[in-house]
Amino acid sequence: MKSFIALYEALDATTSTNAKKAAMVKYFAQARPEDAAWAVYFLTGQRLKRLVNTRELREWTSEYSGLPDWLVEESYEHVGDLAETMALLTPEPGPSELQLPALSVMVEQVLRPMADLDDEQRQAIVVRQWQSLPGNARFVFNKLITGALRVGVSKRLVTRALSELAGLDSGMIAHRMMGNWQPTAEQFQKLISKEHDQDLEDSTPYPFFLASPLEIEPNALGLARDWSAEWKWDGIRAQLIRRNGRLYIWSRGEDLLEGRFPEIEQAARDLPDGIVLDGEIMAWRDGQPLPFARLQTRIGRKKPGAKTLQQAPVAFLAFDLLEYDGQDIRQRPLADRYSLMKTVLPTQCGQLLLPGRIEFSQWDALARLRESSRERGVEGLMLKRLNSTYQHGRKRGDWWKWKVDPFTFDGVLIYAQPGHGRRSGLFTDYTFAVHSDQGLVPVAKAYSGLTQAEIDELDRWIRAHTRERFGPVRSVDAVHVFELAFEGIARSKRHKSGVALRFPRIHRWRRDLKVDQADQLKDLEQLIAD
Amino acid sequence: MASDVLVPSAGGLYCAAGNFWIDPLKPVERAVITHAHADHARAGAGEYHSTRAGLPALKARVGADDRHQSHEYGEVFELGDTRVTLFPAGHILGSAWVKIESDAGVWGVSGDFKRALDPTCEAFHSNPCDVWVTECTFGLPVYRWPDTAIVIEQIQRWWDDCRDRAVPAVLFCYALGKAQRVMAELAQRTDRAIWLHGAMRPLVDAYREAGVDLPDTRMVSEAEKGERFQGDLILAPPSAAGSPWMRRFKNHSSGFVSGWMRIRGNRRRRGYDRGFILSDHADWPALIETVEDMQASRVITIHGNGEALSGYLKAQGLDSERWNLRASLSDGA
């Protein structure tokens with residue numbers, strides 16, 4: 001664990017991406033594979049299944065530090081990170097001869113077995129670690145038992161560090177890391193091995209290629225004939241794998257969606273072997289998309305019942321072919337992949353659809369077509385360069401998402417709560433309301449969209465104009481109006497307002513508006529498309 | 001309860017028996033100033049009382065004229081019906097806490113203070129009071145300072161690392177107090193010269209005149225054209241971060257010296273590479289230790305998150321409350 005702590009400190013001590021990558025390369029070069037495997041696991045944002053709940057941890061912190069529980073709560077609210085709060089409140093152990101255990105030993109022999117113990121035994125283990133671990137080691141230990149490490153490195157950066165170490169293409173490392181990768185010594189060695197990938201499991205998906213938002217006029221992309229256009233569907237990005245008689249559906253978050261979408265699995269049985277499709281899972285009926293809210297009723301269901309299947313039917317809309325006849329064809333041009341996809345998939349095969357491309361010869365015509373996105377229930381357009389390969393991660397240049405402008409409304413700030421991580425100790429989580437017959441009613445929570453200067457100003461104002469405190473939440477005088485953007489709206493029984501907004505965020509601070517000029521709930525309700 | 005010796009007023013504390021204000025933010029007739037930081041010392045008072053050691057910095061802040069009366073530490077002087085003494089607060093050069101004796105008992109007002117040793121100023125000197133009015137800028141138990149020696153060692157290692165990589169090491173710190181403290185600590189370990197931002201100069205000069213031993217310094221503004229500052233340490237006030245002035249330090253590593261750096265989110269939010277936890281304020285254990293040393297039965301918290309400290313002291317059986325001095329600004333007082 002000592003060298004992992006040193007790595008953590010090195011990553012935390014710089015804001016430079018190159019310096020972070022160099023620190024990881026140095027670590028991976030000298031770490032034992034069983035430790036390096038766990039380092040990859042945590043650095044890529046994965047976490048152990050919850051071992052202790054946060055209420056218990058706060059109680060143990062209070063007991064161990066001798067501080068009253070309310071003071072632990074106040075401290076947590078101030079720091080904004082429980083692992084850090086616990087590290088700061090627990091006393092520093094005296095100097096000790098004790099060697100820190102290796103990272104793999106810590107995880108496999110201390111942390112994982114905790115899952116099978118009772119409260120008292122788990123408390124004893126946690127306290128024993130607090131008694132022996134100095135400073136940052138205590139913080140990292142707390143991070144491992146509470147969740148993700150979050151040290152400002154992306155999965156992509158870890159991939160690049162490993163690729164530099166191994167002297168391999170980062171796409172290959174990214175591919176090997178996909179799917180059911182396990183943090184073992186053997187798997188780590190395979191990750192950086194020069195050997196060919198004969199033995200990737202059948203279930204292993206390819207790394208997803210992600211589009212970037214188009215911020216320029218499309219005619220700046222060049223000739224229209226070099227580009228392909230598709231509708232941008234508002235569903236769940238997924239990869240469908242058909243290999244050796246088995247079927248696997250992966251979400252972009254790399255969850256196996258086994259059993260969740262039986263209608264898609266049913267349709268995919270007719271696909272030939274050695275096929276991998278990239279596409280979008282959509283709520284879909286009679287050749288039309290249903291609102292995203294309908295799909296949400298399916299996302300959490302591991303085994304949907306007949307009623308759910310009837311109310312929220314889904315389809316898989318294929319838009320790319322990554323593997324054909326067992327061969328990885330990602331390096332072939334998009335136009336070729338499209339043609340091949342047509343040969344394996346007719347326009348419709350049950351709930352497996354090939355929505356196809358939009359014919360266009362002029363950018364202007366495409367721009368006009370994009371205006372119809374809302375009526376069609378899509379988010380806008382995707383633009384893809386016809387001769388492009390299928391890359392991995394968010395690489396700019398060949399895939400662009402050209403979304404329609406979001407909906408907006410003017411809401412009143414009524415509650416605020418301190419943020420976490422980088423925004424700890426500042427009131428950055430806001431709740432906004434609109435007018436209704438019952439007065440102001442909350443409709444959206446938003447965290448992003450203000451500049452640091454605006455956040456600082458608002459934070460000072462909130463502290464000075466707090467009306468009531470409910471735990472960490474403060475209600476404030478209804479004074480400030482903000483323009484908020486959102487992507488969609490649906491009826492909701494779980495919200496007091498009766499509506500739920502999709503992806504709300506702050507567009508700008510409307511200092512020019514008074515509270516009575518903010519929008520009405522009925523203005524929002526009119527936008528609901530049923 | 002008998003009437004209090006002090007009440008919040010003009011952003012500071014007013015003593016009716018002596019007809020003076022302590023650290024007022026608005027112009028008043030007569031001010032007693034604990035130290036020259038901007039949130040304690042403002043121009044416009046009719047008369048200033050301060051320590052002799054703190055006078056140069058105070059004059060730099062509020063102007064030099066004949067309205068100043070300075071006093072030695074421990075010297076008793078009379079204001080109205082009160083007897084006032086200034087004791088070392090250990091915060092910065094010339095900083096004081098104020099003891100007020102009157103018929104209504106003995107009150108102590110902390111200004112800002114710390115208990116850790118500092119080569120640039122006299123150490124905090126405690127003296128019993130009935131009522132202790134304490135700052136609590138860092139009034140939560142998450143604030144516990146590491147040993148100064150450890151932090152200075154970290155700064156020095158970071159500087160060495162920047163020398164190895166031949167990049168400028170830009171260290172942000174408050175221009176009055178913190179900068180000189182860091183410089184004086186470093187002077188005990190190295191004789192390398194340090195570059196200064198222009199805002200540091202008058203205060204560094206004032207410390208030198210007061211006899212504080214500081215390392216050789218050079219002004220960034222007087223550097224030769226094309227100077228690349230490779231491996232050099234540069235001290236700058238936090239306001240310089242992100243300004244065009246920074247462009248001359250190519251590929252620099254940045255650090256910030258402050259008690260706030262105890263919290264990781266504070267450092268990350270400001271985008272500093274390194275945070276060094278060195279404060280001129282008392283940490284949580286020192287706040288509580290000082291309450292004990294003062295032997296006061298009543299503790300009033302000012303500046304900062306006073307609710308937590310007051311709540312904690314009340315649970316310990318003391319009489320304690322929080323006063324909001326800022327609120328007194330809008331009272332029209």
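Because the structure is predicted, anything quoted here is derived from the model rather than measured.

Colleague: Please explain the overall build of chain B as it appears in this structure.
Modeller: Secondary structure assignment for chain B yields 7 helices and 19 strands. Whereas a compact globule of 333 residues would reach a radius of gyration of roughly 20 Å, chain B reaches 21 Å, a difference of no more than 12%. Oriented by its inertia axes, the alpha-carbon framework of chain B measures out at about 65 × 45 × 35 Å. Here chain B holds 333 residues, and 57% of them are scored as buried.

Colleague: Even after reading the chapter, I still don't get the interface of chain A and chain B, so can you show me in this structure?
Modeller: As a measure of interface size, the accessible area lost when the parts come together is often cited. Each partner contributes residues to the interface: chain A has 31 residues there, and chain B has 22 residues. Interface area for chain A against chain B, summed over the two sides, is near 2,100 Å², with a carbon-plus-sulfur share of 51%. Scanning the region where chain A abuts chain B turns up 3 salt bridges. For the salt bridge of R264 of chain B with D12 of chain A, the shortest nitrogen-to-oxygen distance reads 3.1 Å. At the junction of chain A with chain B, the criterion picks out 11 residue pairs in polar contact (both at pLDDT 80 or more). Broken down by secondary-structure element, the contributors of at least two residues to the side of chain A that touches chain B are α1 (2–12), α5 (69–79) and α6 (82–89) of chain A. Top contributing element to the side of chain A that touches chain B by residue count: α5 of chain A, with 6 residues. Of the residues in the side of chain A that touches chain B, the class split is 14 nonpolar, 9 polar and 8 charged.

Colleague: Sorry, what's going on with helix α1 (residues 55–62) of chain B here?
Modeller: For an α-helix, 3.6 residues make a turn, and residues three or four places apart therefore share a direction. Residue and element names in this part refer to chain B. Listed in full, the buried residues belonging to α1 are L55, A57, L58 and V62. End-on, the buried residues of α1 take up no more than an arc of 160°, which puts them together on one face. The secondary structure elements touched by the buried residues of α1 are β5 (48–51) and β6 (68–71). Following α1 by one or two positions, G63 adopts a phi angle in the positive range, close to 100°.

Colleague: What's the story with the sheet that holds strand β19 (residues 319–322) of chain B in this structure? I'm lost.
Modeller: Strand pairing within a sheet occurs via backbone hydrogen bonds; the two strands may be parallel or antiparallel. Residue and element names in this part refer to chain B. With respect to topology, 7 strands assemble into an open sheet ordered β7-β8-β9-β10-β11-β18-β19, the strand pairing being mixed. Edge positions in the sheet fall to β7 (76–79) and β19, since each has one partner strand and no second. Averaged over all pairs of adjacent strands, the angle between strand axes in this sheet comes to 20°, irrespective of strand direction. Bridge count for strand β9 (residues 96–102) against strand β10 (residues 105–109) is 5 bridges, and the pairing is antiparallel. Residue V98 lies in a different strand from β10, and its bridge partner there is V109. On the sheet, helix α6 (residues 284–294) packs against β9, β11 (131–136) and β18 (298–304) and is oriented at approximately 165° with respect to β11.

Colleague: Whenever I open this one, the domain arrangement of chain B confuses me. Can you help?
Modeller: Residues and elements named next belong to chain B. When its domains are assigned, chain B resolves into domain 1 (6–142 + 281–331) and domain 2 (148–276). Here the C-alpha centroids of domain 1 and domain 2 sit 29 Å apart. With 16 residues of domain 1 at the contact, the number on the domain 2 side is 16 residues. Summing the contributions of domain 1 and of domain 2, the shared interface buries around 1,200 Å²; its carbon and sulfur component is 71%. Inspection of the region where domain 1 meets domain 2 yields 1 salt bridge. With a shortest N-O distance of 3.8 Å, R181 and D118 are connected by a salt bridge.

Colleague: Just to check I follow, could you spell out the sheet that holds strand β12 (residues 380–385) of chain A for this structure?
Modeller: Residue and element names in this part refer to chain A. Strand order across the open sheet formed by 4 strands is β2-β14-β12-β3, with mixed pairing between neighbours. The two strands at the open ends of the sheet, each matched to only one other strand, are β2 (212–213) and β3 (227–232). Where β3 and β12 come together, 6 bridges link them in antiparallel fashion. Paired with W227 across the two strands is R385, which belongs to β12.

Colleague: Please clarify how the packing of helix α7 (residues 103–111) of chain A against helix α9 (residues 135–146) of chain A should be interpreted in this entry.
Modeller: To describe two helices that pack against each other, one gives the angle between their axes and the distance between the axes. All names here are of chain A. Following both chains from N to C, one finds α7 and α9 inclined at 50°, their axes separated by 12 Å at the closest point. Here α9 runs oblique to α7, going by the angle between their axes. Crossing of α7 over α9 shows right-handed handedness. For the pair formed by α7 and α9, the contact residues are L103, M106 and L111 on the first element and F141, L144 and I145 on the second. Along the lines of polarity and charge, the residues of the contact of α7 with α9 split into 6 nonpolar, no polar and no charged.

Colleague: Just to check I follow, could you spell out the domain arrangement of chain A for this structure?
Modeller: Residues and elements named next belong to chain A. Domain boundaries in chain A define domain 1 (2–146), domain 2 (209–403) and domain 3 (407–525). A separation of 34 Å is found between the C-alpha centroids of domain 2 and domain 3. Each partner contributes residues to the interface: domain 2 has 5 residues there, and domain 3 has 4 residues. When domain 2 packs against domain 3, the two sides together hide about 430 Å² of surface, and 47% of this comes from carbon and sulfur. The shortest N-O distance in the salt bridge between D234 and R502 comes to 2.3 Å. For the interface between domain 2 and domain 3, the tally reads 1 residue pair in polar contact (both at pLDDT 80 or more). Per-class residue counts for the side of domain 2 that touches domain 3 are 2 nonpolar, no polar and 3 charged.

Colleague: Teacher, can you tell me more about the state of the cysteines here?
Modeller: Simply put, disulfide is the name for a covalent bond between the sulfur atoms of two cysteines. All names here are of chain B. The full count for this structure, using the stated rule, is 0 disulfides over all chains. Of the cysteine sulfurs around C121, a residue in no disulfide, the closest is that of C173, at 15 Å. There is no disulfide at C136, and the cysteine sulfur nearest it, in C129, is 17 Å away. With relative accessibility at 0%, the residue C136 sits in the buried group.

Colleague: What exactly am I supposed to notice about helix α17 (residues 363–370) of chain A here?
Modeller: All names here are of chain A. By the burial criterion, the buried members of α17 are W363, L366 and R370. In a view along the axis of α17, the buried residues occupy a sector of 60°, so they form one face of it. Along α17, the residues that are exposed and aim more than 90 degrees away from the buried face are D364 and R368. Residues of α17 that are buried in the fold lie against β3, α18 (373–376), β12 and β14 (399–403).

Colleague: Before we go on, may I ask you to explain the packing of α5 of chain A against helix α7 (residues 306–315) of chain B in this structure?
Modeller: Close contact between α5 of chain A and α7 of chain B brings their axes to 11 Å; oriented N to C, the two are set at 170°. Between α5 of chain A and α7 of chain B, the crossing angle belongs to the class labelled roughly antiparallel. Across the interface between the two elements, W70, L71 and E74 of chain A of α5 of chain A pack against A308, G311 and Y312 of chain B of α7 of chain B. Looking at the contact of α5 of chain A with α7 of chain B residue by residue, the classes come out as 4 nonpolar, 1 polar and 1 charged.

Colleague: Would you explain the side chain of R138 of chain A in this entry?
Modeller: Residue position: R138 of chain A is located in helix α9. When residues no more than four places from it in sequence are discounted, the contact partners of R138 of chain A are A87, T90, P91, E92, P93, W130 and L133 of chain A.

Colleague: What is the right way to look at the packing of aromatic side chains in this model?
Modeller: Residue and element names in this part refer to chain A. Across all of its chains, the model carries 40 aromatic pairs over all chains by this definition. For the ring pair W38 and Y41, a centre distance of 5.0 Å and an interplane angle of 75° mean the geometry is edge-to-face. Note that W38 and Y41 are positioned in helix α3 (residues 33–43) at a spacing of 3 residues, about one turn of the helix. The same class applies to W38 and to Y41, which are both buried.

Colleague: Would you explain unusual backbone geometry in this entry?
Modeller: Glycine aside, negative phi is the norm for most residues, and most peptide bonds take the trans geometry. Residue and element names in this part refer to chain B. The residue F229 is not glycine, and still its phi comes out positive at about 55°. With respect to the helices and strands, the residue F229 is situated in the loop between β14 (217–219) and β15 (233–236). Judged by its relative accessible area of 2%, F229 is buried. Phi angles above zero are rare outside glycine, and Q295 is one such case at about 55°. Mapped onto the elements, Q295 comes out in the loop between α6 and β18.

Definitions and cut-offs
Residues numbered from 1 in each chain as written. Chains lettered and ligands numbered in written order. Predicted model: local features only at pLDDT ≥ 70, side-chain atom pairs only at ≥ 80, totals over all residues. Heavy atoms only, no water. Helix = DSSP H or I, 4+ residues; strand = E, 2+ residues; numbered from the N terminus. Rg over C-alpha atoms; globule rule 2.2 N^0.38 Å. Buried < 20%, exposed > 50% of the residue type's maximum accessible area, 1.4 Å probe, protein only. Contact = heavy atoms within 4.5 Å. Buried area = accessible area lost by both parts, 1.4 Å probe. Salt bridge = Lys/Arg side-chain N within 4 Å of Asp/Glu carboxyl O. Polar contact = N/O pair within 3.5 Å; in protein donor to acceptor, adjacent residues only side chain to side chain. Nonpolar A, V, L, I, M, F, W, Y, C, P; charged D, E, K, R; others polar. Arc of directions from axis to C-beta. Pairing = 2+ DSSP bridges. Axes fitted to C-alpha atoms, helices over the stretch in contact; angles between N-to-C directions. Domains from an automatic or database assignment. Parallel < 35°, antiparallel > 145°, perpendicular 65-115°, else oblique. Left-handed = near helix turned anticlockwise from the far one by under 90°. Disulfide = S-S within 2.5 Å. Phe/Tyr/Trp six-rings, centres within 6.5 Å; stacked < 30°, edge-to-face > 60°.

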